[in-house]
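# Structure assessment
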Amino acid sequence: MTKKLVALDIDGTLLHHDGRMSDEVRDAVQAVARAGHHVVIATGRSVLGIVPVLETLQLPRGFAVTSNGAVLARVHGSDWEVIDTVTFDPAPVLDVLENAWPDAVVGIEEPGVGTKVSADFPDGELMGPVKVVSWQELGAEPTTRLTFRSPSGTAEDFVELVERLGLHGVNYAVGYTAWLDINPEGVSKASALEQVRRKLQVEPGDTIAIGDHRNDLEMLAWAARGVAMGQAPDEVKAVADEVTAPVEEDGAAVILRQLV
């Protein structure tokens, strides 16, 4: 059997929108790992945010791509270790974002530590320790990711916002809500997965990725078999090679079962 690299998004792919992973999806992921394929978590979550998923899946030793590709971790069961990060200077971006949206809050990621924020985010949106700091302190050190969030806006508002602001020298993705993740230029899930592919010595044609949103665009284009979830936006489906059932119908499990 040819071992494949199977890259899996978390939210909206493995997890339902209520944060629950179905038994069907859990069992399918574990079956793929037992079959000898390389299962790689590839998520916008921080490395701290993947711990509950690792605890559920109990994957064998491997890799996890977190923070949309800016943080690469080695994982085994529920244990993790950061092995590579890519950072950028957030100060110029903060200058552009300041006063760009009335009630927006900013988070600056500190991998494996927590998040520095300009003000409290809505409950449950950030995992790990959170520390409120001044605007100046937010931009004091390089970071792997800057998050810009508005409780009152919409995803459409933020798509228009980034077009109006004309952000340069960074990579960014808008979420399902008014949530904007900003990463170093050239960094995406795909860039980190290419590192993993080379480390694992998997051929480019033996790569599979499943995802559901805008931060999965590069990953789905990178994979030899890119699969969009059924509820994904049209622009995500357009770059995928195929579309599976939506997360409510455990569409990821449908694809994963085909590998075993």
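One can find the structure itself at the top, above this paragraph.
In this numbering scheme, every chain counts its residues from 1 along its sequence in written order. The predicted origin of the model limits local features to residues at a pLDDT of at least 70 and limits the giving and counting of side-chain atom pairs to 80 or more, whereas totals for whole chains, interfaces and linings rest on all residues. The basis for every side-chain value is the complete set of non-hydrogen atoms in the structure, without hydrogens or water.

## Some details on helix α6 (residues 189-200)
Spacing of three or four residues puts side chains on the same side of an α-helix, whose turn is 3.6 residues. Relative to the 16 Å expected for 12 residues at 1.5 Å per residue, α6 spans 16 Å between its end C-alpha atoms, a close match to the ideal helical length. A 1.4 Å probe rolled over the protein chains alone gives each residue an accessible area, and that area as a share of the maximum for its type sets the label: buried under 20%, exposed over 50%, partly exposed in between. Put simply, DSSP H or I for four residues or longer makes a helix, DSSP E for two residues or longer makes a strand, and each gets a number counted from the N terminus. Burial in α6 covers these residues: Lys-189, Ala-190, Ala-192, Leu-193, Glu-194, Val-196 and Arg-197. What a helix should span is 1.5 Å times the count of its residues minus one.

## Let's talk about unusual backbone geometry
Excluding glycine, residues mostly have negative phi values, and the peptide bonds linking residues are mostly trans. The phi dihedral of Asn-99 falls on the positive side, at around 65°, and the residue is not glycine. Here Asn-99 shows up in the loop between α3 (91-97) and β6 (105-110). Taking the relative accessible area as the measure of exposure, Asn-99 reaches 75% and is therefore exposed. One non-glycine residue, Gln-201, lies in positive phi territory at about 60°. Along the chain, the position of Gln-201 falls in the loop between α6 and β12 (207-211).

## Some thoughts on the packing of aromatic side chains
Put simply, two rings from Phe, Tyr or Trp (the six-membered ring, in Trp's case) pair if the centres are within 6.5 Å, and we call them stacked under 30 degrees between planes, edge-to-face over 60, tilted for the rest. Across all of its chains, the model carries 3 aromatic pairs by this definition. Their ring planes at 25° and their centres at 5.6 Å tell us that Phe-148 and Phe-158 sit as a pair that is stacked. A residue pair is termed long-range when its members are at least 10 positions apart, and Phe-148 in strand β9 (residues 146-154) and Phe-158 in helix α5 (residues 155-165) qualify at 10 residues. We note that Phe-148, like Phe-158, is buried. Each residue in the set Trp-101, Phe-148 and Phe-158 is aromatic and connected to the rest through ring pairs, giving one cluster.

## A closer look at the sheet that holds strand β1 (residues 5-8)
Taken in spatial order, the 8 strands make up an open sheet running β5-β4-β3-β2-β1-β12-β13-β14, and their pairing is mixed. In this open sheet, the two edge strands, each paired with only one partner strand, are β5 (79-85) and β14 (242-243). Each pair of strands is called paired provided DSSP finds at least two bridges between the two strands. Sheet topology note: the strand β2 (residues 38-42)/strand β3 (residues 59-66) ladder contains 2 bridges and is parallel. Residue pairing for β3: Ile-41 is matched across the bridge by Ala-64. When checking whether two residues touch, look at their non-hydrogen atoms; a contact exists if any pair is within 4.5 Å. Axis geometry follows a simple rule: fit a line to the C-alpha atoms, using only the stretch in contact for helices, then measure angles between N-to-C directions, giving values from 0 to 180 degrees. Sheet contacts for α6: β1, β2, β3, β4 (71-77), β5 and β12; angle to β3, the most-contacted strand, approximately 150°.

Keep in mind these values describe shape, not function.
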